[in-house]
Amino acid sequence: MNTRYQTKQVIKTVLCAAIILILLLSIPVATASAHSKTADQQIPAGYGMVRNTDGMIEIFIPAGAFWMGSDTGNANENPAHEVYLDAYWIDQTEVTNAMYNRCVSAGACEMLASRESYNIAKYYGNPTYDQFPVVFANYYRAEEYCRWAGSSLPTEAQWEKAARGPDGLQWPWGNEYNGSFLNANYAVGDTTSVGSYSVGISPYGIYDMAGNVFEWVKDWYSVDYYRSQASPTQNPAGPASGQEKILRGGSWLSNMDAVRTTTRKEYAPGAANYDWGFRCARPYTQQDNQIIQAQQRQQNIQPTQMVQNIQIEPSNQTIQTVWDIQIENGPGILPPYQGMNQFVSQPTVLNQSISVVNQQQNIAIEQTWP
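Because the structure is predicted, anything quoted here is derived from the model rather than measured.

### Re the state of the cysteines
Turning to step 1, where the next piece is worked out: A full pass over the atoms with the stated rule returns two disulfides.
Turning to step 2, where the next piece is worked out: A sulfur-sulfur separation of 1.9 Å characterises the disulfide bridge that pairs Cys103 with Cys109. Between Cys103 and Cys109 the sulfur-sulfur dihedral comes to about 75 degrees; the bridge is accordingly right-handed. Each of the two residues, Cys103 as well as Cys109, counts as buried.
Turning to step 3, where the next piece is worked out: Here Cys146 engages in a disulfide with Cys280; their sulfurs sit 2.1 Å apart. Across the S-S bond linking Cys146 and Cys280, the dihedral sits near -85 degrees, which makes this disulfide left-handed. Placement of the pair is Cys146 in helix 3 (residues 139-148) and Cys280 in the loop between strand 9 (276-277) and strand 10 (281-283), with a sequence separation of 134 residues. Neither residue differs from the other here; Cys146 and Cys280 are each classed as buried.
Turning to step 4, where the next piece is worked out: When the cysteines engaged in disulfides are numbered in sequence order, the protein pairs them as 1-2, 3-4.

What follows is the structure, encoded as structure tokens:
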């Protein structure tokens, strides 16, 4: 009897200890879960952060639902349906010739199918068109570039949410078409420099989501994917396989229907054309918050100019250059957290003074980042 009583007591003690242990372990898990759910909400929608590899500004898209597809558009856009996406970042502009060239120079990207555009024989590799969208990149070249940049192509859902916002706009700027808000319908006859149409930006502040060049997305194409049971309502990533990939956004030669935010075009992933380009996207991570916090602390000590000291040796006229770099941040944009001495373009000389005593020339310069 005594032994049976002792056994019951031991069992009770073990059960109590197990319950207490479970409760203790659940406390940090619950805290971490709550933190991960709310951390991205500390970053405002449309916030920009510069990507170190190529100087691209990534725009923050907060977690939440939006309306994807259309009940009145083409058959492959039906039906309109609500989709929830986790927080992510997407490129503010299409990837440029200069950016793609960095990847090629780094040995991470292959050369394009052509160096031409529709009307320009020397388009890629020509400094005049460095800030124009790269073209003639097939799906594989586009995904290769995004991997090098630390990103990937956006899913179709990520692309569409970034283009139309939470209100489900037909075009990035609203529900009425305006041909002066984008490069489309042969108005220019070729590509234009990325970000040229500020009036046509999306609700999150993203450029050229309509017109300029078609943009590859990650998903395989299926004409009835939206209507199928395989299409989830949370973070859809497209069919598991297929024959064709998807292009979004229309191009400089597209009509008003082709540049709607819901229009889907399918092509073989190995194909390339003079009006096809891309942009990249990536998921939000906790590390982003840490980087942003570090950069915000850095913002507190920053004069508004950069100074270049050029040392001139009288004997052999050798010029030695030393940079003392301090960058003024633009609105909502942080400088890259590494490689802050990599300039996208040459700085503008504001004033200069020469000291005859020590042969030192001081030049004050101003540079807008990126």
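The structure having been displayed, the exposition proceeds.
### Overview of unusual backbone geometry
Turning to step 1, where the next piece is worked out: With omega at -5 degrees, the peptide bond leading from Asn78 into Pro79 counts as cis.
Turning to step 2, where the next piece is worked out: When you line up the elements, Pro79 lands in the loop between strand 3 (64-68) and strand 4 (81-85).
Turning to step 3, where the next piece is worked out: Look at Asp208: it is not a glycine, yet its phi comes out positive at around 60 degrees.
Turning to step 4, where the next piece is worked out: Here Asp208 lies in the loop between helix 4 (156-164) and strand 6 (214-220).
Turning to step 5, where the next piece is worked out: Accessibility expressed as a relative area gives 5% for Asp208, which makes it buried.

### Looking at helix 3
Turning to step 1, where the next piece is worked out: For helix 3, a buried count of seven out of 10 residues is recorded, marking the element as mostly surrounded by other parts of the structure.
Turning to step 2, where the next piece is worked out: Here helix 3 has its buried residues at Tyr139, Arg141, Ala142, Glu143, Glu144, Tyr145 and Cys146.
Turning to step 3, where the next piece is worked out: Those residues of helix 3 that are buried are in contact with helix 2 (97-105), strand 6 and strand 7 (245-248).
Turning to step 4, where the next piece is worked out: Measuring from the side-chain oxygen of the N-cap residue of helix 3 to the backbone nitrogen of Tyr140 gives 3.0 Å; that N-cap residue is Asn138.
Turning to step 5, where the next piece is worked out: Just downstream of helix 3, Gly150 is the residue with a positive phi angle, here 85 degrees.

### Overview of the packing of aromatic side chains
Turning to step 1, where the next piece is worked out: Evaluated as defined, the whole model comprises 20 aromatic pairs.
Turning to step 2, where the next piece is worked out: Taking NZ or CZ as reference, Arg264 lies 4.5 Å from the ring centre of Tyr226, over its face.

### So, the side chain of Gln158
Turning to step 1, where the next piece is worked out: Looking at the secondary structure, you find Gln158 in helix 4.
Turning to step 2, where the next piece is worked out: Given the relative accessible area of 15%, Gln158 is considered buried.
Turning to step 3, where the next piece is worked out: Ignoring anything within four residues of it in the chain, the contact list for Gln158 reads Leu85, Tyr88, Ile90 and Ala281.

### A short note on the pairing of strand 7
Turning to step 1, where the next piece is worked out: Alternating positions in strand 7 separate into two faces, Lys245 and Leu247 on one and Ile246 and Arg248 on the other, with burial throughout.
Turning to step 2, where the next piece is worked out: Bridging between strand 7 and strand 8 (residues 265-267) involves three bridges; their strand directions are antiparallel. Each residue of the ladder has a partner; that of Ile246, found in strand 8, is Glu266.

### Thoughts on helix 2
Turning to step 1, where the next piece is worked out: Within the sequence span of helix 2, burial applies to Asn97, Met99, Tyr100 and Cys103. Down the axis of helix 2, the buried set is contained in an arc of 165 degrees. They therefore lie on one face.
Turning to step 2, where the next piece is worked out: On its buried side, helix 2 packs onto helix 3.
Turning to step 3, where the next piece is worked out: Count one or two residues on from helix 2 and you reach Gly107, which has phi positive near 80 degrees.

What counts and how
Residues numbered from 1 in each chain as written. Predicted model: local features only at pLDDT ≥ 70, side-chain atom pairs only at ≥ 80, totals over all residues. Heavy atoms only, no water. Disulfide = S-S within 2.5 Å. Buried < 20%, exposed > 50% of the residue type's maximum accessible area, 1.4 Å probe, protein only. Helix = DSSP H or I, 4+ residues; strand = E, 2+ residues; numbered from the N terminus. Contact = heavy atoms within 4.5 Å. Polar contact = N/O pair within 3.5 Å; in protein donor to acceptor, adjacent residues only side chain to side chain. Phe/Tyr/Trp six-rings, centres within 6.5 Å; stacked < 30°, edge-to-face > 60°. Lys NZ or Arg CZ within 6 Å of the ring centre and 35° of its normal. Pairing = 2+ DSSP bridges. Arc of directions from axis to C-beta.

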